[in-house]
Amino acid sequence: MEMNFEPHEYEHFKLESGDVLLNEGQSKELLGRPAIYRGEMPGVCFTNTLLRYRPSGGIAPEYALCVFRGYMRTGRFQQIGKITTNIAHLGANRFRELEFPVAPLAEQVEVVRLVESYFAFADQLSKVASDNLVAVGRLNQATLAKAFRGELVPQNPADEPASALLARIAATRSTEAPKRRGRRPKV
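Residues numbered from 1 in each chain as written. Predicted model: local features only at pLDDT ≥ 70, side-chain atom pairs only at ≥ 80, totals over all residues. Heavy atoms only, no water.

A. How the structure looks around the overall build of the protein chain. The secondary structure content of the protein chain amounts to six helices and six strands. Along the protein chain, helices (α) and strands (β) appear in the sequence α-β-β-β-β-α-α-β-β-α-α-α when read from the amino end. By the compact-globule yardstick of 16 Å for 187 residues, the protein chain is too spread out, its C-alpha radius of gyration being 33 Å. Projected onto its principal axes, the C-alpha positions of the protein chain cover 100 × 55 × 35 Å. (Helix = DSSP H or I, 4+ residues; strand = E, 2+ residues; numbered from the N terminus. Rg over C-alpha atoms; globule rule 2.2 N^0.38 Å.)

B. Spatial organisation of a nonpolar patch on the surface. A cluster of nonpolar side chains, contributed by Leu165, Leu166 and Ile169, occupies part of the molecular surface with about 260 Å² of accessible area. Along the polypeptide, Leu165 turns up in helix α6 (residues 162-175). A relative accessible area of 36% means that Leu165 is categorised as partly exposed. (Patch = residues over 30% accessible without salt bridge, like charges linked within 9 Å, V, L, I, M, F, W, Y side chains within 5 Å. Areas by Shrake-Rupley, 256 points an atom, 1.4 Å probe, with all protein chains shown as cover. Salt bridge = Lys/Arg side-chain N within 4 Å of Asp/Glu carboxyl O. Buried < 20%, exposed > 50% of the residue type's maximum accessible area, 1.4 Å probe, protein only.)

C. Quick look at the side chain of Asn23. Position of Asn23 among the secondary structure elements: in strand β1 (residues 20-23). In this structure, Asn23 is in contact with Leu30, Leu31, Gly32, Arg33, Thr49, Leu50 and Leu90, ignoring residues within four places of it in sequence. (Contact = heavy atoms within 4.5 Å.)

D. Region of the structure containing helix α2 (residues 61-74). In a regular helix each residue adds 1.5 Å, so 14 residues correspond to 20 Å; α2 covers 20 Å between its end C-alpha atoms and thus fits that length. The set of residues buried in α2 consists of Tyr63, Ala64, Leu65, Cys66, Val67, Phe68, Tyr71 and Met72. Looking at the buried residues of α2, the elements they touch are β1, β3 (34-36), β4 (50-53), α3 (76-80), α4 (92-96) and α5 (105-149). Looking one or two residues past α2, Gly75 carries a phi angle of roughly 90°, positive in sign. (Expected span 1.5 Å × (residues − 1).)

E. Representation of the pattern of salt bridges within the structure. Applying the stated rule across the entire model yields seven salt bridges. Notably, a salt bridge pairs Glu11 with Lys14, separated by 3.3 Å at the nearest N-O pair. With a shortest N-O distance of 2.8 Å, Arg76 and Glu99 are connected by a salt bridge. With Arg76 in helix α3 and Glu99 in the loop between α4 and α5, the pair connects residues that are 23 residues apart, well separated along the chain. Linked by salt bridges that have partners in common, Glu16, Asp19 and Arg54 make up one network.

F. Broad picture of the pairing of β4. Alternating positions in β4 separate cleanly, Leu51 and Tyr53 being buried on one face and Leu50 and Arg52 remaining unburied on the opposite face. As paired strands, β1 and β4 are joined by four bridges and run antiparallel to one another. In the sheet register, Asn23 faces β4, and the bridge partner there is Leu50. (Pairing = 2+ DSSP bridges.)

G. Broad picture of the pairing of β1. Residues of β1 alternate between two faces, with Val20 and Leu22 on one and Leu21 and Asn23 on the opposite face, all of them buried. Pairing between β1 and β3: three bridges, direction antiparallel. Counterpart to Leu22 in the pairing with β3 is Pro34.

H. The arrangement of the sheet that holds strand β2 (residues 25-26) in detail. Taken in spatial order, the three strands of this open sheet run β2-β6-β5, and their pairing is antiparallel. Each edge of the open sheet is held by one strand with a lone partner, namely β2 and β5 (82-84). Bridge count for β2 against strand β6 (residues 87-89) is two bridges, and the pairing is antiparallel. Considered in β6, the bridge of Gln26 is made with Ala88.

Read these as spatial facts, not as claims about activity.
Quick look at the structure:
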């Protein structure tokens, strides 16, 4: 999208690498969903559907992203959000008053490292679970095929073959009088 900004508006709304953007108005569950602008496209501005948090004073952008992801997942943004006509709004004033845990920079870096490693581990678990679901589907099909071939358990030599059982059932049916099917008489 393109928008025309006056020079003073452009300076106010332009994004800098490391700015954290949050959904201002959204469904209740996604209120405050954060992302970092990393300078992918130069000269980009944000609109009033987003809130911008510009880390300063020794706050690492990736750390702020972790904090805001935590707020979104734990429902903290929902607690301070306002819901109107089925849309939840975070609001810049409510966002400004939100507490923010400030840790020493070295601790922030460690928090980010741990969070990223846990996300990577969760991604690996998700892939393993997905692969296992596919394998279970194949296993179910293979088990059914073996069951129909009679390969699931050892066959008892004393058991009669299925063909003999089917022939016996057919013979019994042919000697019985056919059952009449029709409507029941009204009482």
